[in-house]
Amino acid sequence: MNDLLLFALAVAGGFALLVGGAERFIYGSSAIAINLGISPLIIGLTVVGFGTSAPEMLISGVSSWSGNPGIAVGNAIGSNIANIALVLGITALIMPLSVHSDTLRREFPVLLAVTLLTLLLLADGDLSRVDGILLFTGMLVMIYLVVKLGLQTRQTDPMKAEYSVEIPQHIPMGKAIFWTALGLLVLLASSKMVVWGAIGIARAYGVSDLVIGLTIVAFGTSLPELAASIISACKKEHDIAIGNIIGSNMFNLLGVLAIPGLIHPTLIEQSLLERDLPIMIALTIALFAMAYGFGRQSVISRVEGATLLLSFFGYLGIIYIMSV
């Protein structure tokens, strides 16, 4: 029992440090990019999206290197489910989210394409090194496309104004580098804490690494997105709140999922193919429909937010029943 308590404390403390480390990493790296003359919109679409996925990437790397790729795979898919159903669900309940940005509208098809690519690569039940290379290459292509979309964005796009306000300005380069390095070190240390605790909990309860990755780890690594989206929504920066989720989900599928393929190729559990991937795809399509509007106002309402949140708890219930 004492060991289990120690594992739980490691996971909880690791998650707390992950949130702080991610925030400092994003702050410092965004300031470096501003000092190098990169536009706030490009920073928001790339650096911020990467930064909010940094916890997932480091946990994926640490768990794969430790011989537990199931945690990494579960974390990637589970985080995407949590980002849409939990994070956007809670955020929309607090404040309905309106989509005004043309940039976001052009990013949605990219997210759908990335989701379908993931399904195609995992459909054979194997996450191979070739799959990892293809996913990592896809991440580079995705970054290029997102930057290209950002450069083509009109000056009147509200997302550009929102990021201009949020990205830190006039931070000395030395200070920016310091916070970036410190944030990265905290992320690395906290990732090791989370993985160690998660593996211990999985062993204690006799559940698979995949289930731990889909639930406890995915929830914890989605905390930076939850904090960022709620803060952005309260500031009425709705496009940033949704943009953070889109960017994070693309990085999760292409970057986070590529890591176990590159470091520790693994077989994919059948339950992931039959349960988790279809749910992730369904939620992604639902987000696409809500944000596009298709003839109605492009808004994620409180009712839709409640529906997303209920679907998340329903998903956890399904995992529990199948695991028991």
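Caption draft 1: Up close: the overall build of the protein chain. A tally of regular secondary structure across the protein chain gives 13 helices and four strands. Its C-alpha atoms give the protein chain a radius of gyration of 19 Å, near enough to 20 Å, the size a compact globule of 324 residues would have. Each of the three principal axes of the protein chain carries a C-alpha extent, and together these read 55 × 50 × 40 Å. The burial tally for the protein chain puts 56% of its 324 residues in the buried class. Taking as baseline every contact in the protein chain between residues at least 6 positions apart, the subset at least 24 positions apart corresponds to 88%. When the accessible area of the protein chain is evaluated, it comes to approximately 13100 Å², of which 72% is carbon and sulfur surface. Positive and negative side-chain charges in the protein chain, numbering 15 and 19 respectively, have mean positions lying 8 Å apart.

Caption draft 2: Quick peek at the packing of aromatic side chains. Taken as a whole and assessed by the stated rule, the structure comprises four aromatic pairs. Summarising the aromatic geometry, the rings of phenylalanine 108 and phenylalanine 288 are spaced 6.1 Å apart at their centres and angled 85 degrees between planes, so their arrangement reads as edge-to-face. Linking phenylalanine 108 in helix α4 (residues 102–122) with phenylalanine 288 in helix α12 (residues 270–292), this pair joins segments that are 180 residues apart in sequence. Look at phenylalanine 108 and you get buried, because its relative accessible area is 2%. The residue whose ring lies beneath arginine 24 is tyrosine 27, and the NZ or CZ to ring-centre distance is 4.3 Å. Between arginine 24 and the ring centre of tryptophan 179, over which it is positioned, the NZ or CZ distance is 4.6 Å.

Caption draft 3: Structural view of the packing of α12 against helix α13 (residues 302–323). Between α12 and α13, whose axes approach to 12 Å, the crossing angle comes to 180 degrees. The orientation of α12 with respect to α13, classified from their angle, is roughly antiparallel. Across the interface between the two elements, Ser271, Arg275, Asp276, Ile279, Leu283 and Met290 of α12 pack against Glu304, Leu308, Ser311, Tyr315, Ile318, Ile319 and Met322 of α13. Of the residues belonging to the contact of α12 with α13, the class tally is eight nonpolar, two polar and three charged.

Caption draft 4: Highlighting the environment of leucine 277. Along the chain, leucine 277 turns up in helix α12. Along the chain, leucine 277 and serine 98 lie 179 residues apart, while their C-alpha atoms are 27 Å from each other. Ignoring any residue separated from it by four or fewer positions in sequence, one finds leucine 277 in contact with Ile77, Leu119, Leu122 and Leu272.

Caption draft 5: View of helix α7 (residues 173–205). The end-to-end C-alpha distance of α7 is 47 Å, a good match for the 48 Å that 33 residues give at a rise of 1.5 Å each. Following α7 by one or two positions, glycine 206 adopts a phi angle in the positive range, close to 70 degrees.

Caption draft 6: Molecular detail of the environment of serine 298. Note on placement: serine 298 falls in the loop between α12 and β4 (299–300). Separated by 200 residues in sequence, serine 298 and serine 98 have C-alpha atoms that sit 5.9 Å apart.

Caption draft 7: Looking closely at the pattern of salt bridges. Enumeration according to the criterion identifies three salt bridges in this entry. Residues glutamate 23 and arginine 24 are paired through a salt bridge, measuring 2.7 Å at the closest nitrogen-oxygen approach. Under the relative-accessibility criterion, arginine 24 is labelled partly exposed at 22%. Between arginine 275 and aspartate 276 there is a salt bridge, with the nearest N and O atoms lying 2.8 Å from each other.

Caption draft 8: The side chain of asparagine 68, seen in detail. Tracing the sequence through the fold places asparagine 68 in the loop between α2 (40–65) and α3 (69–94). Accessibility expressed as a relative area gives 6% for asparagine 68, which makes it buried.

Definitions and limits used
- Residues numbered from 1 in each chain as written.
- Predicted model: local features only at pLDDT ≥ 70, side-chain atom pairs only at ≥ 80, totals over all residues.
- Heavy atoms only, no water.
- Helix = DSSP H or I, 4+ residues; strand = E, 2+ residues; numbered from the N terminus.
- Rg over C-alpha atoms; globule rule 2.2 N^0.38 Å.
- Buried < 20%, exposed > 50% of the residue type's maximum accessible area, 1.4 Å probe, protein only.
- Contact = heavy atoms within 4.5 Å.
- Areas by Shrake-Rupley, 256 points an atom, 1.4 Å probe, with all protein chains shown as cover.
- Lys, Arg positive; Asp, Glu negative; His and termini not counted.
- Charge placed at Lys NZ, Arg CZ, Asp CG, Glu CD.
- Phe/Tyr/Trp six-rings, centres within 6.5 Å; stacked < 30°, edge-to-face > 60°.
- Lys NZ or Arg CZ within 6 Å of the ring centre and 35° of its normal.
- Axes fitted to C-alpha atoms, helices over the stretch in contact; angles between N-to-C directions.
- Parallel < 35°, antiparallel > 145°, perpendicular 65-115°, else oblique.
- Nonpolar A, V, L, I, M, F, W, Y, C, P; charged D, E, K, R; others polar.
- Expected span 1.5 Å × (residues − 1).
- Salt bridge = Lys/Arg side-chain N within 4 Å of Asp/Glu carboxyl O.

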